[in-house]
Amino acid sequence: MTTTTNKNYDVLSTSPVRKGVPEKATGQAKYTGDITLPNMLYGAILHSPLAHAKIRNIDISRAKNLPGVKAVLTAKEVSNLKFGHSPARFDETALAVEKVRHVGDEVAAVAAVDEQTAREALELIKVDYEELPILLNPVDALADNAILIHADHPCNICQEVHNEVGNVEKAFAEAFLIRTDTFANKKSDGACLEPQAALANFDLSGNLTLWTSTQVSHYVQRTVAIVLQMPVDKVRVIAPYVGGGFGVKASAGSHEIIAAMLSMNTHCPVRLVLDREEVFMHNRARHQFYHEMTMAVDKTGKIIGHKHLSVLDGGAYSSFGIATIYYNGSLLHAPYAIPNMRYDAYRVFTNKPASGALRGHGGLSNRACFEAQLDMIANEMKIDPVEMRIKNSVQAGDTTASGYYLSSFNMRECLKEARDSSEWVKKKNKLPKGKGIGVSTSYFVSGAGASIYRTDIPQSTVIIKVADDGNGVTVYTGSNEIGQGSDTVFAMMTAEILGLELDDVKVISGDTGLCPIDLGAYSSRQTLMTGNATKQAAEAVRDQILAKISQRYKIPVSEFQLRGGRVLGTEKNQEELSVIRNRYMFEHRHFTNLVTSGPLTFSEVARLIYADSGSILGKGTYRPPDIQYSKEWKGSVVGASPAYSTQTCIAEVTVDPNTGDLTIDHLTLAHDCGFAINRKSIEGQLEGSMCHGLSEALFEEMIFDNKGRQINPTLGDYKIPTTMDVPDMNAIIIESNEPNGPFGAKEVGEGCILPVVPAIINAIRDACGVVIMELPITSEKILKSLKAKEAAKAEYYIYKPPAAADKILARAAELSKGSSAR
Amino acid sequence: MKKYIKLNINSTEYELLVNDNETLAQLLRGPQLNLTGTKQGCELGDCGACTVLMDGKAVNSCLVLAMQANGHAITTIEGLASNGKMHPIQEAFINAGAVQCGYCTPGMILKAKSLLDVNPNPSRKEIREAFVGNLCRCTGYFKIINAVEIAAKGQANKEAGN
Ligand code: FES
Ligand code: FES
């Protein structure tokens, strides 16, 4: 089910088979862990078993003497230069220096002739630790006398934010209704099916080649070069096929640097593949958030003020967290018009694996809290939840309170389509007992306006080279294909502009040795940013071809067009055409299947140009336009984007009143992606997001014991949905024409996860009068709430986060007292 | 301890020297065979990425010791296409958009084959039940279930001579 903008395209807006998919379906696609090199060694990492400890001594002598072991490294042997995600917050080293900060911190590394020997060697390394007090939750970490996880961060505060726009107190004084709620999610993992892996080959000329399962070849190249003190161009990072990323592979990891160090040390290629437990220990996925939100509405149900107090449990390192804490504030500035907003937040270090970015970065848990609260208010005021959202919605042409300009924004269409296709009107308040329907909306960025390190370089450069014999083109981009289908999007754009078939376009991506710089696959930036650069590069190729033919024919460029593999218009002068064609046919006289009639082909003309002046190259670059954001709202640059997507989810559920068992019966998701480039891929993103959102709503939680050890580090115990958990779903593509997007396109991969969790929460309330404000939603929580509701003979029961969450938020409130927002 | 075993892999007979603690997945992916189309997502039997067919039945090859496979016939994803033509299940997965990152795909396709071999016309519910041990993080399973349905229909049509 879709709505379509009517444009006359040959390749765009279709549903082709994606690039690389036949290779994946036949087992030919090589992922990093599938690649072997001659003389390759196997790497393994020794992780800290303790959550917080000083390293007194490491004895590697026995490990070194094990036959088959080629290198044993500790911080003593290697570069201790710091790295991380935000350049201002480099706080990690490849191997632990003096202390470990979480279970899983990397302490030593081994390279050996086979994997078993490498793992055996790890067991022979003796580390003498001095245990330190462990801080596992923000309230302990924020205590005045708490031990510091990083010496330079008092109270273990990694970052704090205090923002205000408008006048919140005044709005609250004028409000008709004010409501405060708290909410918490759980620390989750990316659970990409392919574990992180790296294969490093440091050759005799001093060049390092690193194959790695990454979303960001460029950042990995740069980070490895910094730590190993190498010129950037001596490091070549190649992302082969990548088995999913979702954010956890969006910055350089220690395993990549360690693989390189082991290769440098042994002069052999070294492959290092994390096992599933190590994937969990590396983590870098969604933070655990705590929220207290207060919403003020006027008597018509319009939101006039909003206060948000939040704490982010960041784990042991900064990782993406500086961006996360700002997104956690700014991703509430739409899709509703709220003139007065206040945000106070703390990201806190704890002795757990670092949290980072995950699909819908910084926008999932806050959205769930906000939308659940909005629904409760709508309910109290007897306003239909869909109407409540339409009433408060922003639309294209509006500027949010944080100063973001919404150049396209079909939120109302999303709401209406989702409402109609799910038969909301027929179902809302009319379903049998135990069945419920719930709605939520949200919005997201199409790429971060600012790059991660301060730079003036374009965010994307793309080069397109026409094959020298003229048969098709190759697109070179640093932009990473991680399974989301980006290669195909760029190929489709190129094929459209050059009038070629999709098969005529090859894409080489994610290889820093061959491709110009692109910042990579994160913040849902590729379709818009790399897409714009691709479009420009393809147009540059097209223009050269048209200019040449126009010159030759001595008629204006506008008389020619590239379409269907031909240069249309060349049939206008048969004499000229024959000269060019005969020449081509003579040169290719031993080939078969030559074209003998109709307008000149792309190949014939391209070969003509090659004969004249060599390869035809087209270049495109993209840097975001001057993006608007409010200087008043500090950090609103995080969240400022050239375009914003918006989406609506409607969930239908059944709750068993006797057991609390929850069944998700159906999900509908309508998403405004601008112009739809690859329709089947977009549906795939929507469906994947519905499943991923359902997963975070119902299942995902990394559970730790009181020593900071994760007790569920397997895909059996850390639950993600199976075929049995996912209902049938309806993915609805809503189009708009985004002026900053190539062909009007914008993001699809991330925003669509955001409304899924609150739609489920709201559907449960509709089904049984229970509002679950702590993820994951389990049948135990529902049953407990149903009993409590019954005991109190109340119409509703709110399942709140535990008392510990209140303490955390109270401490944050205390700390932020008197903090000025401006 | 090392020992020689005999395996029929994708219709070719092999005699291979294996370690007693080596899994079938490690053997397939290792230097002797290099059949890396079989993936490993967990090595604990949780994800199904390592699914191969042993005597036609789907097994998690990370849970089978190479020595236990001695004398059996194994089909991996590399053995599914014949005469340069993809198996209809592979085509169905490709055309239905059931492949995103592709890491679960070889296991999914082999699981589909084992299902359709015994139940050529499964309902959506039966497909769901059969695939419960094969995780996919990307697709939400919707198009995977569609692909299995399409493959089943394709086979039925072929048998009816259409
Ligand atoms: S690798 Fe065998 S089930 Fe996951
Ligand atoms: S396609 Fe990525 S795990 Fe299934």
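Residues numbered from 1 in each chain as written. Chains lettered and ligands numbered in written order. Predicted model: local features only at pLDDT ≥ 70, side-chain atom pairs only at ≥ 80, totals over all residues. Heavy atoms only, no water.

(A) Inspection of the overall build of chain A at higher detail. When its secondary structure is counted, chain A shows 21 helices and 27 strands. The C-alpha atoms of chain A give a radius of gyration of 28 Å, which matches the 28 Å a tight globule of 822 residues would have. Its C-alpha atoms put chain A at 90 × 75 × 50 Å along the principal axes. Residues classed as buried in chain A amount to 66% of the 822 residues present. Accessible area of chain A: about 28500 Å², with a carbon and sulfur share of 50%. Averaging the coordinates of the 86 positive side-chain charges in chain A and doing the same for the 94 negative ones gives two points 2 Å apart. (Helix = DSSP H or I, 4+ residues; strand = E, 2+ residues; numbered from the N terminus. Rg over C-alpha atoms; globule rule 2.2 N^0.38 Å. Buried < 20%, exposed > 50% of the residue type's maximum accessible area, 1.4 Å probe, protein only. Areas by Shrake-Rupley, 256 points an atom, 1.4 Å probe, with all protein chains shown as cover. Lys, Arg positive; Asp, Glu negative; His and termini not counted. Charge placed at Lys NZ, Arg CZ, Asp CG, Glu CD.)

(B) Structural context of helix α17 (residues 602-613) of chain A. Residue and element names in this part refer to chain A. In this model α17 runs 16 Å from its N-terminal to its C-terminal C-alpha over 12 residues, within 8% of the 16 Å that 1.5 Å per residue would give. Phe602, Ser603, Glu604, Val605, Ala606, Arg607, Leu608 and Ile609 are the residues of α17 that are buried. Glycine 614 sits one or two residues past α17 and shows a positive phi near 80°. (Expected span 1.5 Å × (residues − 1).)

(C) Expanded view of the sheet that holds strand β9 (residues 197-202) of chain A. Residue and element names in this part refer to chain A. Judged by pairing direction, the sheet is mixed, and its seven strands sit side by side in the order β3-β5-β1-β12-β9-β10-β11 without closing on themselves. Since the sheet does not close on itself, it has two edges, and those belong to β3 (69-74) and β11 (235-238), each with one partner. Mean inter-strand twist for the sheet, computed between neighbouring axes without regard to direction, equals 20°. Two strands pair when backbone bridges link them, and β9 and strand β10 (residues 208-212) are joined in this way by five bridges, in the antiparallel orientation. Each residue of the ladder has a partner; that of alanine 198, found in β10, is threonine 212. Contacts from helix α3 (residues 115-123) reach β1 (41-47), β3, β5 (106-112) and β12 (270-273) within the one sheet, and its direction differs from that of β1 by about 25°. The sheet strands contacting helix α7 (residues 254-266) are β1, β3, β5, β9, β10 and β12, and the helix crosses β9 at an angle near 30°. (Pairing = 2+ DSSP bridges. Axes fitted to C-alpha atoms, helices over the stretch in contact; angles between N-to-C directions. Contact = heavy atoms within 4.5 Å.)

(D) Up close: the interface of chain B and chain A. With 44 residues of chain B at the interface, the matching set in chain A holds 51 residues. Here chain B packs against chain A, burying approximately 3900 Å² in sum over the two surfaces, 57% of which is carbon and sulfur. Scanning the region where chain B abuts chain A turns up seven salt bridges. Among the secondary structure elements, those contributing two or more residues to the side of chain B that touches chain A are α2 (88-95), α3 (105-118), α4 (124-130) and α5 (142-159) of chain B. Of the residues that constitute the side of chain B that touches chain A, the class distribution is 19 nonpolar, 15 polar and 10 charged. (Buried area = accessible area lost by both parts, 1.4 Å probe. Salt bridge = Lys/Arg side-chain N within 4 Å of Asp/Glu carboxyl O. Nonpolar A, V, L, I, M, F, W, Y, C, P; charged D, E, K, R; others polar.)

(E) Molecular detail of the side chain of A:Asp487. Residue and element names in this part refer to chain A. Structurally, the position occupied by aspartate 487 is in helix α14 (residues 486-498). Nearest to the buried, unbridged aspartate 487 among oppositely charged side chains is lysine 24, at 7.9 Å. Among the polar contacts listed, one links the side chain of aspartate 487 to the side chain of serine 509, at a separation of 2.9 Å. Apart from the residues within four sequence positions on either side, aspartate 487 is in contact with Lys19, Glu481, Val507 and Ser509. (Polar contact = N/O pair within 3.5 Å; in protein donor to acceptor, adjacent residues only side chain to side chain.)

(F) Highlighting the nonpolar core. Among the nonpolar cores identified, the biggest contains 174 residues, and A:Phe370, A:Leu667, A:Ile760, A:Ile761, A:Ile777 and B:Phe93 are the most heavily contacted of them. Sorting elements by how many residues they give to this core places helix α19 (residues 756-768) of chain A first, with nine residues. Counting 47 residues, the second-largest nonpolar core is a separate cluster that includes A:Ile497, A:Leu502, A:Val605 and A:Ala606. (Core = buried A, V, L, I, M, F, W, Y, C linked by side-chain atoms within 4.5 Å.)

(G) Representation of the pattern of salt bridges in the model. Applying the stated criterion across every chain, the model contains 55 salt bridges over all chains. In this structure, A:Glu687 engages B:Lys143 in a salt bridge whose closest nitrogen and oxygen atoms are separated by 3.1 Å. Highlighted residues: A:Glu687 in helix α18 (residues 679-698) and B:Lys143 in helix α5, drawn from two different chains. Relative accessible area serves as the criterion here: at 3%, A:Glu687 is assigned to the buried category. Residue B:Lys143 is classed as buried on the basis of its relative accessible area, which comes to 6%. A salt bridge links B:Lys85 to B:Glu91, with the shortest nitrogen-to-oxygen separation between them at 3.6 Å. For B:Glu91, a relative accessible area of 31% corresponds to the partly exposed category. One network of salt bridges, in which partners are shared, links A:Arg367, A:Glu371, A:Asp375, A:Arg389 and A:Arg765.

(H) Spotlight on helix α16 (residues 574-587) of chain A. Residues and elements named next belong to chain A. With 14 residues, α16 ought to run about 20 Å at 1.5 Å a step, and its terminal C-alpha atoms sit 20 Å apart, in line with that. Of all the residues in α16, the buried ones are Glu576, Leu577, Ile580, Arg581 and Tyr584. Buried residues of α16 fall within an arc of 120° about the axis and therefore sit on the same side. Facing away from the buried surface of α16 by more than 90 degrees, the exposed residues are Glu575 and Phe586. (Arc of directions from axis to C-beta.)

(I) Highlighting the layout of surface pockets. Quantified by volume, the second largest pocket comes out at close to 1300 Å³. For the second largest pocket, the lining is made up of 45 residues, of which A:Tyr42, A:Asp114, A:Glu115, A:Gln116 and B:Gln26 are closest to its centre. Of all the secondary structure elements, the ones that give two or more residues to the lining of the second largest pocket are β1, α3 and β12 of chain A together with β2 (12-19) and α1 (24-29) of chain B. Among the elements that make up the lining of the second largest pocket, the one with the highest residue count is α3(A) (six residues). The residue inventory of the lining of the second largest pocket, partitioned by class, reads 16 nonpolar, 15 polar and 14 charged. (1 Å grid on protein atoms, 1.4 Å probe; cavity = no way out; pocket = protein on both sides within 12 Å on 5 of 7 lines; lining within 4 Å. Points joined across faces, edges and corners; volume = space filled by probe spheres on them.)

(J) Structural detail: the packing of helix α10 (residues 365-380) of chain A against helix α11 (residues 385-392) of chain A. All names here are of chain A. Running from amino to carboxyl end, α10 crosses α11 at an angle of 110°, the nearest separation of the two axes being 9 Å. Taken together, the axis directions place α10 and α11 in an arrangement best described as roughly perpendicular. Seen from α10, the contacting residues are Glu371, Leu374, Asp375, Ile377 and Ala378; seen from α11, they are Pro385, Met388 and Arg389. Looking at the contact of α10 with α11 residue by residue, the class counts come to five nonpolar, no polar and three charged. (Parallel < 35°, antiparallel > 145°, perpendicular 65-115°, else oblique.)

(K) The arrangement of the sheet that holds strand β24 (residues 662-672) of chain A in detail. Residues and elements named next belong to chain A. As summarised here, the arrangement of the four strands in space is β16-β23-β24-β25, forming an open sheet in which the pairing is mixed. The sheet is open, and its two edges are formed by β16 (435-445) and β25 (728-734), each paired on a single side. Between one strand axis and the next, the sheet turns by 15° as a mean value, whatever way the strands run. In the sheet, strand β23 (residues 644-655) pairs with β24 via 10 bridges, with the strands oriented antiparallel. Of the residues in β24, the one forming a bridge with valine 655 is leucine 662. Its contacts with the sheet place helix α12 (residues 411-421) against β16, β23, β24 and β25, and it is angled at close to 25° to β23. Contacts from α19 reach β16, β23 and β24 within the one sheet, and its direction differs from that of β16 by about 160°.

(L) Just the domain arrangement of chain B, in detail. All names here are of chain B. Domain annotation of chain B identifies domain 1 (2-79) and domain 2 (88-160). Placing the centre of domain 1 and that of domain 2 at their C-alpha centroids yields a distance of 22 Å. With 16 residues of domain 1 at the contact, the number on the domain 2 side is 12 residues. Around 1100 Å² of area is buried between domain 1 and domain 2 when both sides are counted, 65% of it from carbon and sulfur atoms. Our count for the contact surface shared by domain 1 and domain 2 stands at five residue pairs in polar contact (both at pLDDT 80 or more). With three residues, the single largest contributor to the side of domain 1 that touches domain 2 is strand β3 (residues 51-54). A breakdown of the residues in the side of domain 1 that touches domain 2 according to their chemical character gives six nonpolar, eight polar and two charged. (Domains from an automatic or database assignment.)

(M) Looking closely at the confidence of the model for chain B. Here chain B averages 96 in pLDDT, and 99% of its residues register 70 or above. With a pTM of 0.97, the predicted complex shows an ipTM of 0.98. (pLDDT = per-residue confidence, 0-100.)

(N) Looking closely at the packing of α3(B) against α5(B). All names here are of chain B. Remark: α3 packs on α5, axes separated minimally by 11 Å, with the N-to-C direction vectors making an angle of 45°. Accordingly, the angle class assigned to the pair α3 and α5 is oblique. Our pair here, α3 against α5, has a crossing hand that is right-handed. Mapping the contact onto sequence places Met108, Ala112, Leu115 and Leu116 in α3 and Ile144, Val148, Ala151, Ala152 and Gln155 in α5. Split into classes, the residues belonging to the contact of α3 with α5 amount to eight nonpolar, one polar and no charged. (Left-handed = near helix turned anticlockwise from the far one by under 90°.)

(O) Up close: the pairing of β23(A). Residue and element names in this part refer to chain A. Of all the 12 residues making up β23, 11 are buried; the element is thus mostly covered by neighbouring parts of the structure. When β16 meets β23, the two strands line up antiparallel, connected through 11 bridges. If you follow valine 439 over to β23, its bridge partner there is isoleucine 650. Linking two consecutive strands that pair antiparallel, namely β23 and β24, is a turn of six residues; a positive phi of about 80° is found at glycine 660 within it.

(P) Representation of empty space enclosed by the protein in the model. All names here are of chain A. Taken as a whole, this structure holds six cavities of 30 Å³ or more when the rule is applied. Forming the boundary of the largest cavity are Gly84, His85, Pro87, Phe90, Tyr219, Arg222, Thr223, Ile226, Ser251, Ala252, Ile452 and Tyr453. When the residues that make up the lining of the largest cavity are grouped by side-chain class, the tally is seven nonpolar, four polar and one charged.

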